[in-house]
Amino acid sequence: MVEGEEKFMRIGVVGLGYIGSVTSVALAEAGYEVVGIDIDELKVKSLSAGEPPIYEPGLKEMLIKNSKKLIFSADYGALKEADYIFVIVPTPNKDGKIYLKYVEDAVENVKRVNKNAIVIIKSTVLPGTASNLMRKTGMTIISNPEFTKEGTAIEDTLKPDRVVIGGNDKKAIEEVKKIWEFANSPIIETTNENAEMIKYASNAFLAVKVSYINEIANLCEKVPGCDVEEVARGMGLDKRIAPYFLKAGIGFGGSCFPKDTTAFMSFAKDLGENLSIIESAVKVNKNRILRIIDLLEDKFSGSEKNIRVGVLGLTFKANTDDTRESQAVKLVEKLLSIGFKVNAYDPMAKIKLENVELFNSAKDCIENSDAVVIATEWPEFRELNVRTGKFVIDMRRILSLNSNSNLKIVGHYG
Ligand code: UGA
């Protein structure tokens, strides 16, 4: 909580997508008055009415609770009185390279209405981006990447493991440090470039960690007596390794890891460096889906056209409605392309998939399928009765080992 006269310090947020809406609401919860801007009027309307544009546990309640401290608008003019303005707009890839137009436009628009504001870039941008923008616009820019996971985004924002603040203006750095004082987290004060690099190196490292354990899972499947869950448990108790991001599964997806690893590799290539470990991690991730296809083809070889595969879970992980770059969706596409029929069920996803029969319950989806793949670790799948004699591939390792004799638990030699 910010004390005294700074209590109602006005903070601006440009971009009300996933991270932008969570950051706005979390900063209001921390005691600030927040003005959130988005060019999408629908998002602005929805947030103003107390309805977040995305599903995130606890977000709606916190939005309503703090509604008096939150103003949402599609007009940049509303940022006139904000001293600190976060830029949290998307940085997608275009032809394998980062596309910066949204960030550039946001900074230009902020400059137009409030050239003395301190701009704080939270969008994931490659090293050198903030410095280039400072040269171009003359604005003071601080780099403050986020390390927020969907599903625990509020907690991650209010109490991050660390806050990284990069810049070349000592006074601005001190002021931004003050904004995050409430979190009581360790603060890394550094250059803009280091801050930008820390974000990519962290995401890529986590992607590598996931692919590493998935590759060990591939091997465990072929070694009698080996079970990757046990192996990961034994590894994770070593403090140097740690148990997080060591869960073998269907591979990483989502709006960040696939996009950021691609942009990072291409950035390195332009500098004459090959990020070969990250390259391998991406390859292992792609192969994870092909292994499922191999298992199904082995089992049903020649009769693919008559086989309905039920895919349980379409989101890229549990506790989100996000299907961006979801391995489950990629699996569905691959299954269809080689002739399988596909059923699917997900408790949250709103995605429409051509040629896929969507069910309203996991039970119905299983009953109408010849084989089942558990692709997302939704807790409700744990309770499933798979004693149906169906061929089940549990990519998230959530079913009991003894529940079905036809169960193929990935990473376990059965
Ligand atoms: C990720 C990072 O974890 C955040 O720190 C970062 O801020 C964010 O990207 C971003 O750049 O904005 P998120 O995309 O929400 O967050 O998802 P994660 O929880 O990291 O999961 C990524 C993928 O890896 C998921 O598909 C998940 O199922 C998979 N995963 C994760 C595993 O298969 N095993 C694990 O042990 C952990």
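Residues numbered from 1 in each chain as written. Predicted model: local features only at pLDDT ≥ 70, side-chain atom pairs only at ≥ 80, totals over all residues. Heavy atoms only, no water.

Considerations on the overall build of the chain
Counted only if it meets this: Helix numbers and strand numbers start at the N terminus; a helix is a DSSP run of H or I with at least 4 residues, a strand a run of E with at least 2. The globule rule is 2.2 Å times the number of residues to the power 0.38, and the radius of gyration it is compared with is taken over C-alpha atoms. For this analysis, residues touch if any pair of their heavy atoms sits within 4.5 Å. Throughout, the Shrake-Rupley method with a 1.4 Å probe supplies accessible areas, and for residues the shown protein chains are the sole cover considered.
Each helix and strand in the chain was counted, giving 13 helices and 16 strands. In terms of C-alpha radius of gyration, the chain reaches 23 Å, essentially the compact-globule figure of 22 Å for 414 residues. Based on the C-alpha atoms only, the size of the chain along its principal axes is roughly 70 × 45 × 40 Å. Considering only contacts within the chain whose residues lie at least 6 apart along the sequence, 67% involve residues at least 24 apart. Carbon and sulfur atoms provide 52% of the accessible area of the chain, an area that totals close to 19600 Å².

Some remarks on the site of the ligand
Note the threshold: For each residue, the test is whether any non-hydrogen atom lies within 4 Å of the molecule or strand; if one does, the residue is near. Under this definition, polar contacts are N or O atom pairs within 3.5 Å; protein pairs additionally need one hydrogen-donor-capable and one acceptor-capable atom, and for neighbouring residues in sequence, both atoms have to be side-chain atoms. Lys, Arg, Asp and Glu make up the charged group, whereas Ala, Val, Leu, Ile, Met, Phe, Trp, Tyr, Cys and Pro make up the nonpolar group; the residues left over, Gly among them, are polar. By convention here, the domain bounds are inherited from an automatic or database domain assignment.
Near the ligand, the surroundings consist of 20 residues, among which Glu-146, Glu-150, Lys-199, Asn-203 and Lys-317 are the closest. Here Lys-317 contributes a side-chain N or O atom positioned 2.8 Å from an oxygen atom of the ligand. Relative to its free-state accessible area of 710 Å², the ligand is covered by the protein chains to the extent of 92%. Elements supplying a minimum of two residues to the shell around the ligand: helix H8 (192-220) and helix H10 (257-270). Looking at the shell around the ligand element by element, the count peaks at three residues for H8. The class makeup of the residues in the shell around the ligand is eight nonpolar, four polar and eight charged. The residues that make up the shell around the ligand include at least three from each of domain 1 (5-190) and domain 2 (201-409).

Concerning the pattern of salt bridges
Filter applied, for reference: The rule for a salt bridge is simple: a side-chain nitrogen of Lys or Arg has to be within 4 Å of a carboxyl oxygen of Asp or Glu.
Counting across every chain of the model gives 28 salt bridges. Of the charged contacts in the structure, one is a salt bridge between Glu-29 and Lys-65, with a shortest N-O distance of 2.9 Å. Of this pair, Glu-29 sits in helix H1 (residues 18-29) while Lys-65 sits in helix H3 (residues 59-65), and the two are 36 residues apart along the sequence. We note a salt bridge from Arg-396 to Glu-377, for which the minimum N-O separation is 3.5 Å. Of the two residues, Arg-396 sits in the loop between strand E15 (391-394) and strand E16 (407-409) while Glu-377 sits in the loop between strand E14 (371-374) and E15, which places them 19 residues apart along the sequence. One network of salt bridges, with partners in common, ties together Lys-170, Glu-174, Lys-177 and Glu-189.

Description of helix H5 (residues 129-137)
Stated precisely, the cut-off is as follows: Exposure classes here rest on a 1.4 Å probe applied to the protein chains alone. A residue is buried below 20% of its type maximum, exposed above 50%, and partly exposed in between.
Every buried residue belonging to H5 is among Thr-129, Ala-130, Ser-131, Leu-133, Met-134 and Thr-137, and all of these are buried. Against the buried residues of H5 lie helix H4 (101-113), strand E7 (118-121), strand E8 (140-143) and H8. Following H5 by one or two positions, Gly-138 has its phi on the positive side, about 75°.

Overview of the packing of aromatic side chains
Convention followed: Any pair of Phe, Tyr and Trp rings, taking the six-membered ring for Trp, is counted once the centres come within 6.5 Å. Such a pair is stacked with planes under 30 degrees apart, edge-to-face with planes over 60 apart, and tilted for the rest.
Following the criterion strictly, the structure yields nine aromatic pairs and no others. When the centroid spacing of 6.4 Å and the interplanar angle of 65° are considered together, the rings of Tyr-32 and Phe-182 count as edge-to-face. Of the two residues, Tyr-32 sits in the loop between H1 and strand E2 (33-37) while Phe-182 sits in the loop between helix H7 (170-179) and strand E10 (187-190), which places them 150 residues apart along the sequence. Note on Tyr-99 and Tyr-102: the rings are 5.5 Å apart at their centroids and 75° apart in plane angle, and the pair reads as edge-to-face. Here a set of aromatic residues connected by ring pairs shows up, and it is made of Tyr-32, Phe-86, Trp-180 and Phe-182.

A few points about the domain arrangement of the chain
Where we set the bar: Here the quantity called buried area is the accessible surface, traced with a 1.4 Å probe, that two parts lose on coming together, added over both.
We note that the domain assignment places domain 1 (5-190) and domain 2 (201-409) within the chain. Listed per partner, the contact involves 18 residues of domain 1 and 19 residues of domain 2. Taken together, the two surfaces of domain 1 and domain 2 that pack against each other cover about 1400 Å², and 53% of this comes from carbon and sulfur. When residues of domain 1 are sorted by the area they lose upon contact with domain 2, Tyr-55, Leu-126 and Glu-150 head the list and together hold 39% of the total. For the interface between domain 1 and domain 2, the tally reads two salt bridges. The salt bridge involving Arg-324 is made with Glu-150; its shortest N-O contact spans 3.7 Å. Scanning the region where domain 1 abuts domain 2 turns up eight residue pairs in polar contact (both at pLDDT 80 or more). Each residue belonging to the side of domain 1 that touches domain 2 can be placed in one class, and the counts come to nine nonpolar, five polar and four charged.

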